[in-house]
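Here is what each chain is made of, one letter per residue.
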Amino acid sequence: MQTPMHLTGRHVLVTGASAGIGRATAVLLSRLGARVTLTGRDETRLADTLAELAGDGHRMAAFDLADIDAIPAWIKELATSHGPFGGLAHCAGLQVSKPVRGVDLAFFDQILHVNLASALALARGLRQKGCHGDAGALVYVASVAAWVGQPGNAVYAASKGGLISAVRSLAMELLRDGLRVNAVAPGLVETEMTERFRATTTAEQFQAIVDRHPLGLGKPEDVANAVAFLLSDASRWITGVTLPVDGGHLVR
Ligand SMILES: NC(=O)c1ccc[n+]([C@@H]2O[C@H](COP(=O)([O-])OP(=O)(O)OC[C@H]3O[C@@H](n4cnc5c(N)ncnc54)[C@H](OP(=O)(O)O)[C@@H]3O)[C@@H](O)[C@H]2O)c1
């Protein structure tokens with residue numbers, strides 16, 4: 001029996017595919033039948049992900065998403081050479097802790113470009129003529145940081161809060177293109193990003209954050225499962241929402 005979770009034949013762009021949540025997402029989508037285009041900056045690590053994918057027709061296309069203005073033309077090129085997209089899983093992101101006294105415009109721009117401006121540029125790219133099929137879905141990876149206060153995290157939190165707000169408007173704007181737009185908001189997940197964050201805290205501070213997750217820390221696959229759901233027809237009546245995937249963090 002084929003379930004509505006299948007993605008057979010769907011061409012999906014996965015950003016952040018060289019590590020963590022993006023890599024787990026790409027692997028799962030390939031197992032669900034999608035044809036995946038992987039992107040990130042590190043070609044060696046993208047090749048490692050490519051080697052893990054199930055099925056055929058996948059490829060990698062290294063790109064620096066901080067180059068916002070170049071994104072729409074790049075998407076056009078990908079769609080022209082490998083067919084229109086039926087989905088986007090935007091998993092690329094950057095978290096750097098910095099107290100507000102150290103925040104300058106360069107830091108603000110760096111985080112906001114990768115986490116928020118790229119999300120809008122990807123939507124702009126995908127809605128171009130010939131870049132998407134008759135129906136599709138965009139899924140963005142936000143964060144519970146948008147809703148939960150954490151010292152030194154104001155810029156990252158603002159970027160993810162902005163993303164959650166943008167998702168609602170994009171969902172309305174892209175209706176006529178047949179594109180649904182949703183987000184997931186993970187709690188703390190075991191990835192390299194979390195390892196880097198752990199290095200900036202004391203063991204007690206890190207444990208206190210872990211303790212705020214009743215189901216424990218998440219695995220990249222936990223987030224990938226939710227992304228796959230929001231990409232698939234199982235969520236065909238859902239648009240404009242942000243789904244917490246956080247081990248109970250927000251309700252604790
Ligand atoms: N881990 C968590 O606890 C957690 C919690 C909530 C939300 N999130 C969000 O989940 C997403 C994935 O996080 P993760 O933990 O998997 O992070 P990660 O292990 O650090 O991976 C980040 C990914 O983003 C890509 N990336 C970063 N800057 C880029 C740029 N300028 N251009 C293109 N790609 C870029 C990296 O690829 P290259 O290095 O190859 O460029 C890498 O594949 C992020 O949006 C993050 O904010 C994570």
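The paragraphs below set out a description of the structure included in this document. These figures come from a predicted structure and were not determined experimentally.

1. Focus: the overall build of the protein
Item 1. Helix and strand counts for the protein come out as eight helices and seven strands.
Item 2. A compact globule built from 252 residues should have a C-alpha radius of gyration of about 18 Å, and the protein, at 17 Å, falls within 12% of that.
Item 3. On the principal axes, the C-alpha backbone points of the protein span a range of 50 × 45 × 35 Å.
Item 4. Partitioning the intrachain contacts of the protein with sequence separation of at least 6 by distance along the chain shows that 72% fall at a separation of at least 24.
Item 5. Surface summary for the protein: the accessible area is close to 11,700 Å², and the carbon and sulfur share equals 55%.
Item 6. Averaging the coordinates of the 23 positive side-chain charges in the protein and doing the same for the 23 negative ones gives two points 5 Å apart.

2. Describing the site of the ligand
Item 1. Taken together, 31 residues form the shell around the ligand, and within it S18, R41, Y156, T191 and R196 come nearest.
Item 2. Between the ligand and S18, the relevant distance is 2.7 Å, taken from an oxygen atom to a side-chain nitrogen or oxygen of the residue.
Item 3. Only α1 (20-31), α5 (154-173) and α6 (192-198) provide two or more residues apiece to the shell around the ligand.
Item 4. For the shell around the ligand, the leading source of residues is α6, giving four residues.
Item 5. Residues belonging to the shell around the ligand are distributed by class as follows: 16 nonpolar, nine polar and six charged.

3. Remarks on the nonpolar core
Generally speaking, a soluble globular protein has its nonpolar side chains buried in company with each other.
Item 1. Counting 36 residues, the largest nonpolar core has W74, I75, L138 and Y140 as its most contacted members.
Item 2. Examining the composition of this core, we find that nine residues originate from one element, helix α4 (residues 105-126), more than from any other.
Item 3. Setting aside its immediate chain neighbours within four residues, I75 contacts L13, F85, L122, G125, L126, Q128 and C131.
Item 4. Counting residues in hydrophobic clusters, the runner-up holds 30 residues, among them A24, A34, A137 and V223.

4. Notes on a negative patch on the surface
Item 1. A contiguous patch of negative charge, built from D42, E43, D48 and E52, is present on the exposed surface.
Item 2. Examined against the element boundaries, E43 turns out to sit in helix α2 (residues 43-52).

5. As for the sheet that holds strand β6 (residues 179-186)
Item 1. Here we have seven strands laid out as an open sheet, ordered β3-β2-β1-β4-β5-β6-β7, and parallel in their pairing. Looking at the sheet topology across the chains shown, the edges are occupied by β3 (59-60) and β7 (242-245).
Item 2. Alignment of strand β2 (residues 35-39) against β3, held across two bridges, turns out to be parallel. What sits directly across from T37, in β3, is R59.
Item 3. Helix α3 (residues 71-82) contacts β1 (11-15), β2, β3 and β4 (85-90) of the sheet and is inclined by roughly 145° relative to β1.

6. Some words on the packing of aromatic side chains
Aromatic ring pairs: the centre-centre distance and the angle between the two ring planes describe each pair.
Item 1. On inspection of all chains with the given rule, the structure shows two aromatic pairs.
Item 2. On the basis of an interplanar angle of 15° and a centroid distance of 4.1 Å, the ring pair of F63 and W74 is categorised as stacked. Linking F63 in the loop between β3 and α3 with W74 in helix α3, this pair joins segments that are 11 residues apart in sequence. Take F63 and W74: they sit in the same class, and that class is buried.
Item 3. Aromatic pair F197 and F206: ring centres 6.5 Å apart, planes at 50°, arrangement tilted.

7. Some words on the side chain of H249
Item 1. You can see H249 is positioned in the segment after β7.
Item 2. Not counting residues up to four positions away in its chain, the partners in contact with H249 are V144, V148, R212, H213 and P214.

8. Regarding the environment of D109
Item 1. Looking at the secondary structure, you find D109 in helix α4.
Item 2. What makes D109 partly exposed here is its relative accessible area of 31%.
Item 3. As a C-alpha pair, D109 and G55 span 54 residues in sequence and 38 Å in three-dimensional space.

9. Details of the environment of H132
Item 1. Here H132 lies in strand β5 (residues 132-141).
Item 2. Assessed through its relative accessible area of 17%, H132 is described here as buried.
Item 3. H132 sits 57 residues away from I75 along the chain, and the two C-alpha atoms are 10.0 Å apart.
Item 4. Residues in contact with H132, not counting those within four places in the same chain, are P84, F85, L126, R127, D177 and L179.

Cut-offs and rules
Residues numbered from 1 in each chain as written. Predicted model: local features only at pLDDT ≥ 70, side-chain atom pairs only at ≥ 80, totals over all residues. Heavy atoms only, no water. Helix = DSSP H or I, 4+ residues; strand = E, 2+ residues; numbered from the N terminus. Rg over C-alpha atoms; globule rule 2.2 N^0.38 Å. Contact = heavy atoms within 4.5 Å. Areas by Shrake-Rupley, 256 points an atom, 1.4 Å probe, with all protein chains shown as cover. Lys, Arg positive; Asp, Glu negative; His and termini not counted. Charge placed at Lys NZ, Arg CZ, Asp CG, Glu CD. Near = heavy atom within 4 Å. Polar contact = N/O pair within 3.5 Å; in protein donor to acceptor, adjacent residues only side chain to side chain. Nonpolar A, V, L, I, M, F, W, Y, C, P; charged D, E, K, R; others polar. Core = buried A, V, L, I, M, F, W, Y, C linked by side-chain atoms within 4.5 Å. Buried < 20%, exposed > 50% of the residue type's maximum accessible area, 1.4 Å probe, protein only. Patch = residues over 30% accessible without salt bridge, like charges linked within 9 Å, V, L, I, M, F, W, Y side chains within 5 Å. Salt bridge = Lys/Arg side-chain N within 4 Å of Asp/Glu carboxyl O. Pairing = 2+ DSSP bridges. Axes fitted to C-alpha atoms, helices over the stretch in contact; angles between N-to-C directions. Phe/Tyr/Trp six-rings, centres within 6.5 Å; stacked < 30°, edge-to-face > 60°.

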